[in-house]
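So you can see what is in the structure, the chains are spelled out below.
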Amino acid sequence: MWSNVISLDKGFDKEIEFILGKLKNIRHLSYAVEESKDRFFVYLASICELREEVEPQVEDVLQTVMLVFMKLRFFLDNLRNMELNHANCALISSLVHFDREYENNIIRRVLSETTDYTLDGILNFRLRPLIENWEEMAALATRLIGSGTGGDIYDVASFITGTDGAKSRLSLTPDALVNLTQKQPVEVIDLFDKPELNLISAIIRERPCEILLKNVSLSAPMSTTLKHIARVVTEA
């Protein structure tokens, strides 16, 4: 029997909701939930023969929690007094999804070396180099915004992330966001209170060069933001 436990401070409510929503869709995985005064625990189990199938799926979920949800919390805390409008969401999402492949590899290695999945503990004690990188990025973004010489907020976002590697073509319809280059749907994670802000994050994560809009009604700020992210084509 393969078993493990996920634990997290109960203040990470969105993270906990996301974890539970994902775990229920993993085949051959059993889990049970327990709470203490301050912490939330999820006990995992599967038969040994299916460990190689189940464990990577669990770690995919935890990777997203740490490098999207928890990384987003970090930047929201460190970029203080920043109104969460469309432009600022583009900047924060650029910070969150920056260096994704490199950070994914680090998270994979650290998770494989731990005896359990104490997510906030892993982040604070095993991933200090990542947090130091995030602190530098937050400081850089703050300086560029405050200097008044870096152009508008979109220029700052582009400066931080760069444009190299932006080669995906995306399709946005009222029902779905699809990566046409990879021929697969893009998950729009519920991170913010406004659906359009969730879309911005999902789109930036894909590093698109082109966004095809099909029968989509967008607000003016959303339309402006998409035009700063990639070339926008509207299909009649």
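Draft legend 1. Seen up close, the packing of aromatic side chains. According to the stated counting rule, one finds five aromatic pairs in the structure shown. Between F74 and F75 the ring centres are 5.3 Å apart and the planes differ by 90 degrees, which places this aromatic pair in the edge-to-face class. With 6.5 Å between their ring centres and 45 degrees between their planes, F75 and W134 make a pair best called tilted. One end of the pair, F75, is in helix α2 (residues 51-78); the other, W134, is in helix α6 (residues 128-147), with 59 residues separating them in the sequence. We classify F75 as buried; its relative accessible area is 0%. Here the aromatic cluster, defined as three or more aromatic residues joined through ring pairs, consists of F74, F75 and W134.

Draft legend 2. Here's a closer look at the side chain of K71. Its place among the elements puts K71 in helix α2. Given a relative accessible area of 0%, K71 falls into the buried group. When near neighbours in sequence (up to four residues on either side) are disregarded, K71 contacts M66, L95, V96, F98, E103 and W134.

Draft legend 3. Examining the nonpolar core more closely. Within the largest apolar cluster, 73 residues are counted, with the highest numbers of intra-cluster contacts made by I6, V58 and L119. Ranked by the residues each element gives to this core, the list is headed by α2, at 13 residues. Beyond its immediate chain neighbours, meaning those up to four positions away, I6 contacts I19, L23, F40, F41, V42, L44, V58, L62, Y117 and L119.

Draft legend 4. Seen up close, empty space enclosed by the protein. One pass over the full model with this rule turns up three cavities of 30 Å³ or more. Its volume calculated, the largest cavity comes out at about 70 Å³. Along its surface, the largest cavity is lined by Q63, T64, L67, V68, K71, V96, H97, F98, R100, E103, N104 and R205. When contributions to the lining of the largest cavity are tallied by element, the ones reaching two or more residues are α2 and α4 (100-113). Taken together, the residues of the lining of the largest cavity sort by class into four nonpolar, four polar and four charged. Forming the boundary of the second largest cavity are V68, H97, E187, V188, I189, L191, N198, S201, A202 and R205. Top element by residues in the lining of the second largest cavity is helix α8 (residues 195-205). It accounts for four residues. Partitioned by chemical class, the residues of the lining of the second largest cavity number five nonpolar, three polar and two charged.

Draft legend 5. Here's a closer look at the environment of S36. Relative to the helices and strands, S36 resides in the loop between β2 (30-35) and β3 (39-46). Judged by its relative accessible area of 34%, S36 is partly exposed. Taking the C-alpha atoms as reference, S36 lies 9.6 Å from D9; in sequence the two are 27 residues apart. Beyond its immediate stretch of four places on either side in the chain, S36 contacts K10 and F41.

Draft legend 6. Inspection of α4 at higher detail. Taking 1.5 Å as the rise per residue, α4 with 14 residues should run 20 Å; its terminal C-alpha atoms sit 20 Å apart, in good agreement. Taken together, the buried positions of α4 are E103, N104, I106, I107, V110 and L111. The buried residues of α4 occupy an angular sector of 165 degrees when the element is viewed end-on, so they sit on one face. Exposed residues pointing more than 90 degrees away from the buried face of α4 are listed as E101, N105 and S112.

Draft legend 7. A look at unusual backbone geometry. Phi at K183 takes a positive value of approximately 55 degrees, unusual for a residue other than glycine. Mapped onto the elements, K183 comes out in the loop between β6 (177-179) and β7 (184-185). By relative accessible area, which is 75% here, K183 ends up exposed. Phi at R207 is positive, roughly 50 degrees, even though this residue is not glycine. Within the secondary structure, R207 sits in the loop between α8 and β8 (208-214).

Draft legend 8. Geometry of the layout of surface pockets. Taken as a whole, the second largest pocket holds about 190 Å³ of empty space. Every residue along the wall of the second largest pocket is listed here: K14, E15, F69, L72, R73, L76, L84, L191, F192, D193, K194 and L197. For the lining of the second largest pocket, the secondary structure elements donating two or more residues are α1 (13-23) and α2. Per-element tally for the lining of the second largest pocket: the top contributor is α2, with four residues.

Rules of the game
Residues numbered from 1 in each chain as written. Predicted model: local features only at pLDDT ≥ 70, side-chain atom pairs only at ≥ 80, totals over all residues. Heavy atoms only, no water. Phe/Tyr/Trp six-rings, centres within 6.5 Å; stacked < 30°, edge-to-face > 60°. Helix = DSSP H or I, 4+ residues; strand = E, 2+ residues; numbered from the N terminus. Buried < 20%, exposed > 50% of the residue type's maximum accessible area, 1.4 Å probe, protein only. Contact = heavy atoms within 4.5 Å. Core = buried A, V, L, I, M, F, W, Y, C linked by side-chain atoms within 4.5 Å. 1 Å grid on protein atoms, 1.4 Å probe; cavity = no way out; pocket = protein on both sides within 12 Å on 5 of 7 lines; lining within 4 Å. Points joined across faces, edges and corners; volume = space filled by probe spheres on them. Nonpolar A, V, L, I, M, F, W, Y, C, P; charged D, E, K, R; others polar. Expected span 1.5 Å × (residues − 1). Arc of directions from axis to C-beta.

Keep in mind that these numbers describe shape and distance, not what the molecule does.
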